[in-house]
Every structure is written in structure tokens, then in C-alpha cells.
Amino acid sequence: ALCDDGRCKDESKMRRFLRIRREEAEAASTENELIRGLLQICREVPEHVSVDFQGLEKKLQPNFDLMNLNEFMKVCTLDELSSQSSRKVTYFNLSDAIYEMASELHAIKDSLIFKMCWTNQVQELSREHTDEDDTENSKEMKEIYTLDHVHSKIYQSCYSRYKELYSSLKSGEMLLEEVDIVFEVYIGKHEDLHKDLDIMCRIDPSDDRKWIKGRIAQIREYHDHHLVMDSAKIIMDIRSALCPEGDFSILEKLLQMNEVKSKTNNLNCIDKAFVGAKNILKDVTDQRKECLRVLSQSENFIKWVKRELKDINELKVFVDLASISAGENDQDVDRVAFFHDAVLGYSSLLYGLKQNSGFKNVMDSLPALWKALGNDKDLPKKLRDTARHLEWLKTVRETHGSVEFSSLSLATSINERGMYTIRAQNQKRVH
């Protein structure tokens, strides 16, 4: 019996012996799992290919746990404790290249991105086979692949592609056209993407994975940029009427994302400025978007108002004159009221922006507009109706003339900020 052997009385030796035996058992179990995973993925090959697993399927016994350890390898004995045994499993008789392939596949077998690379390579081989020989016989005949063929014709190209994706993704140099292809399945599933990138990092044990969070954020922002495209287009239309000389480069960049030529940009173009602009536009609800859209569609009205009414004071004067013209005509009275409400509601943009105001200035002007919209949900309708009656407004302006307009404007200014002196005619002012 083992316990009668005098060598077993050395506790240190026995601890080492048992540790080695555990390592041997783990090596056998690990290789069994490697082979199982290898065979599973190697079954996903082109239709014209049949894989010769060289007896490996039979060796994957369902009663693996009942097999003797020495069936898998040359086990270490008590006499060999001092030797440096490799604990190499010989049962499956794998070449170094196939063992390396099995080990690398085991680490990344759950990666959806890797499976995509594998599928693409398989499809490419299928296309090549179809192009080479399209005869009826070729379709019926199966090409036999050994595991070495799988390694050279599928795995090497596939794994190289996977590593290229890893490198370009980690550096942020992955092209947007590639992001469209590789990460389309992860739209709205960014937690799953995090798991896949975590698996991807296994190809480099030294990777600290700190880059993953930032890269996923960029991909998410890129995937979501379409949500603000309408708002960006509307603001660019407003720009042409209100501030044509302003800097709107960040919006131009955002709008270019849907153009084919922009797909040659890389992920690093999704920077803080891009994300900041997108986040601001994300707050533009459908109601607010409609409010801005009506303004963007009223370019002629905008230009007329800014040319004829220089500030809010002149707006008030014009409203007074228009009210005189309207008299008791209900329709005209409503037009004047709508005009007043519309211009006053949009005044933060109409009078708060200059020719060279930029995107930030426009965004800074919007809270006042949102407040006005909150107080009057019919503001867009009033602007639309007012812009439609621009010719009537022009007629009112021409009817009263510049002298009358200037006089009333001056009187209004005096009432607000001036001082009246009352005295008898031809009498000196009494202090």
C-alpha cells in the first residue's frame, strides 16, 4: 500500500507530490475543454468543406471523470519528484500549432465579434470556391479539411483580423465605416458590448482595460447621433437668416456624420465638443423642435423684422401703429396681437443674436425661448400666421411712414426714460 512506502513519511515530499498530481489532473481537464471548444467552432465551416477531426471526437469520452490520469499523460511518480516534468497531455496528440489555436480559441470563444470574423472568413472561402468551379459536380463534392487546414485557411486570417480590430479599437483609430459594420448588433446593447470588449482584451494579458469605458461611450454617442440630426439641420437653417457669419463648425461636423466621406474618419473624431453639442441638442423636444422649425421657415419675415424694427422699443411702437390701423376689425386686431406675441416670444434669437454669433450663442439664447414657449404653447402657430401676413405688415409700416414712426418712437422713449417740463408760454422756468 502507498502508506507503507517509507517515502510517504516525508510530509514535504508528499505535499509536493499531491500538488503535482493536482496539476496533472487540471492539465487533462483543461485540454479536454480546449478540444471540446475547438471541435465546436471548427464545425462552422463552408458548406463545401468537411472537417476530419482525426479521431478527436471519439477521444472526448462522456465518462471523462472515470478515466485514469495516466491515460492522458505520463504521470509523475514518487521517484521523479526531483525532475522538471512538463505535465504535458499526450492523449489527444495535438501539434503545437493546433494546441495554440485551441488555447486562443478557448479564451475568446464567447466573443460575438470573433464569431463575426470567423463567419466572414468562412463566407469568403465559400465565395472563392463558387467562383473557381460552379459545376454541378463541384457542389456535390466535399473538400476535406484537416485541423491544419482549418488553422491555415480559416483561423490564421480570422485571428489576425480580430487582433487588428482590437488594436484599432483600443487606439481609437477604427474607421467609422468599420464601426457601422462591427458594432451594428450592439446598438442599444452597450452592456453586452462591454462584456465582448473585456473578452477581446484577453489576447493581451497586459491590457488594463481602462480604455473600454471611454471607447464604448464614443460608440454610443456615434450610434445615437441620428437622434439630434433634425435639430441640427433646423438650427443650421436658422443660422442662414440670423447669424450667417457665425461659427457652426461643430454642427457641420455632426451633420456630416451621415455622409459617405465622413465614414473615413476614425472614432477619435467623437470628441468632447461633439458630445457636448449632441447632448445640448438632445434636450430639444419635439415641441421645441417645432418651435425652431417654424422660425427656420420664416426667413423673409425674420429679415424684415430685423431691418424695420431694431429693438423691442421699436416693436412696441409698431404694435401701437398697427393697432391704430386695425381699428375695430377683429381679424386685423388678432394679426397685431399674434405679431406682438411672436416677435416678443422669439426676441432672444431675433434681437439677441448678431451676424457673427456662433452655435454657443444660439444655445445660450434658447432658454428664454423655451420659457416663452412654456407660457404660450401656440407661439409657433402665431409666428407661422404672422409670417404668412408679412405683406399686410409691410403695408402698415408704409402707411404710417418713417416720420410718424420716429415721432411715436421718440415719445415712447421719453415716456420711459425722459423728463417733461411744464410751464406757461414765454415764461422762464421757475426753479
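Before reading further, recall that the structure is shown in the block above.
Rules behind the numbers
- Residues numbered from 1 in each chain as written.
- Predicted model: local features only at pLDDT ≥ 70, side-chain atom pairs only at ≥ 80, totals over all residues.
- Heavy atoms only, no water.
- Helix = DSSP H or I, 4+ residues; strand = E, 2+ residues; numbered from the N terminus.
- Contact = heavy atoms within 4.5 Å.
- Areas by Shrake-Rupley, 256 points an atom, 1.4 Å probe, with all protein chains shown as cover.
- Axes fitted to C-alpha atoms, helices over the stretch in contact; angles between N-to-C directions.
- Parallel < 35°, antiparallel > 145°, perpendicular 65-115°, else oblique.
- Left-handed = near helix turned anticlockwise from the far one by under 90°.
- Nonpolar A, V, L, I, M, F, W, Y, C, P; charged D, E, K, R; others polar.
- Expected span 1.5 Å × (residues − 1).
- Buried < 20%, exposed > 50% of the residue type's maximum accessible area, 1.4 Å probe, protein only.
- Pairing = 2+ DSSP bridges.
- Core = buried A, V, L, I, M, F, W, Y, C linked by side-chain atoms within 4.5 Å.
- Salt bridge = Lys/Arg side-chain N within 4 Å of Asp/Glu carboxyl O.
- Phe/Tyr/Trp six-rings, centres within 6.5 Å; stacked < 30°, edge-to-face > 60°.

A.B. asks: Before we move on, could you go through the overall build of the protein and cite the residues and values that matter?
C.D. replies: A tally of helices and strands in the protein yields 20 helices and two strands. Put simply, 77% of the contacts in the protein that link residues at least 6 apart link residues at least 24 apart. Just so you have it, the protein exposes about 24900 Å², and 48% of that area is on carbon and sulfur atoms.

A.B. asks: Tell me about the packing of helix α13 (residues 286-296) against helix α19 (residues 379-388), residues and numbers included.
C.D. replies: The interhelical angle for the contact between α13 and α19, taken along N-to-C directions, is 10°, at an axis separation of 9 Å. Classified by the angle between their axes, α13 and α19 sit roughly parallel to one another. Crossing handedness for the pair α13 and α19: left-handed. Between α13 and α19, the residues in contact are Glu 290, Cys 291, Val 294 and Leu 295 and Pro 380, Leu 383 and Arg 384, respectively. In terms of residue class, the contact of α13 with α19 is built from five nonpolar, no polar and two charged.

A.B. asks: An account of helix α18 (residues 359-375) is requested, with residue identities and associated values reported.
C.D. replies: Compared with an ideal rise of 1.5 Å per residue, which puts 17 residues at 24 Å, α18 spans 25 Å between its outermost C-alpha atoms and is within 8% of the ideal. Listed as buried for α18 are Phe 359, Val 362, Met 363, Ser 365, Leu 366, Leu 369, Trp 370, Ala 372 and Leu 373.

A.B. asks: Lay out the pairing of strand β1 (residues 49-52) in plain terms, naming residues and giving numbers.
C.D. replies: Of the two faces of β1, only one is covered, namely that formed by Val 49 and Val 51; the face formed by Ser 50 and Asp 52 stays uncovered. Taken together, the four bridges between β1 and strand β2 (residues 143-146) define a ladder with parallel strand orientation. Note on β2: the bridge partner recorded for Asp 52 is Thr 146.

A.B. asks: Got a sec to walk through the nonpolar core? Specific residues and values, please.
C.D. replies: Of all hydrophobic cores here, the largest spans 121 residues; its most connected members are Phe 114, Trp 118, Tyr 162, Phe 183, Leu 197, Leu 292 and Phe 339. Take this core: its biggest share by element is 10 residues, from helix α6 (residues 147-171). In this structure Phe 339 touches Phe 301, Trp 304, Val 305, Leu 309, Leu 315, Phe 318, Val 319, Thr 386 and Leu 393, once residues within four positions along its chain are discounted.

A.B. asks: How would you sum up unusual backbone geometry? Please name residues and give values.
C.D. replies: Located in the positive-phi region is Asn 93, a residue other than glycine, with phi close to 55°. With respect to the helices and strands, Asn 93 occurs in the loop between α2 (56-59) and α3 (96-108). At Arg 209, a residue that is not glycine, the phi angle is positive and equals roughly 70°. Secondary-structure assignment places Arg 209 in the loop between α8 (190-200) and α9 (212-224).

A.B. asks: Which residues make up the packing of helix α10 (residues 229-242) against α13, and what values do they have?
C.D. replies: Relative orientation of the contacting elements α10 and α13 amounts to 35°, with a least axis distance of 9 Å. Helix-helix and strand crossings are classified by hand; for α10 and α13 the assignment is left-handed. Between α10 and α13, the contacting residues are Asp 230, Ser 231, Ile 234, Ile 235, Asp 237, Ile 238 and Leu 242 on the first element and Lys 289, Leu 292, Arg 293, Leu 295 and Ser 296 on the second. Tallied by class, residues from the contact of α10 with α13 come to six nonpolar, two polar and four charged.

A.B. asks: So what's going on with the pattern of salt bridges? Residues and values would help.
C.D. replies: Considering all chains together, one arrives at 29 salt bridges under this definition. In this structure, Arg 127 engages Glu 124 in a salt bridge whose closest nitrogen and oxygen atoms are separated by 2.8 Å. Residue Arg 127 and its partner Glu 124 are both found in helix α4 (residues 112-132); the two are separated by three residues, about one turn of the helix. A relative accessible area of 45% places Arg 127 in the partly exposed class. Overall, the relative accessible area of 31% leaves Glu 124 in the partly exposed class.

A.B. asks: Go over the environment of Gly 214, please, and point to the residues and values.
C.D. replies: Relative to the assigned elements, Gly 214 resides in helix α9. On the basis of relative accessibility, which here comes to 37%, the residue Gly 214 falls in the partly exposed class. C-alpha of Gly 214 to C-alpha of Lys 170: the two residues are 44 residues apart in sequence and 9.8 Å apart in space.

A.B. asks: Run through the packing of aromatic side chains, naming residues and quoting values.
C.D. replies: All told, the structure shown has nine aromatic pairs when counted by the stated rule. Look at Phe 114 and Trp 118: their rings are 6.2 Å apart centre to centre, the planes differ by 50°, and that puts the pair in the tilted class. Placement of both Phe 114 and Trp 118 in helix α4 is noted, with a separation of four residues, approximately one turn of the helix. An identical accessibility class is assigned to Phe 114 and Trp 118; each is buried. Between Tyr 155 and Tyr 159 the ring centres are 5.3 Å apart and the planes differ by 15°, which places this aromatic pair in the stacked class. Of this pair, Tyr 155 and Tyr 159 both sit in helix α6, four residues apart, which is roughly one turn of that helix. Each member of the pair, Tyr 155 as well as Tyr 159, carries the same accessibility label: buried.

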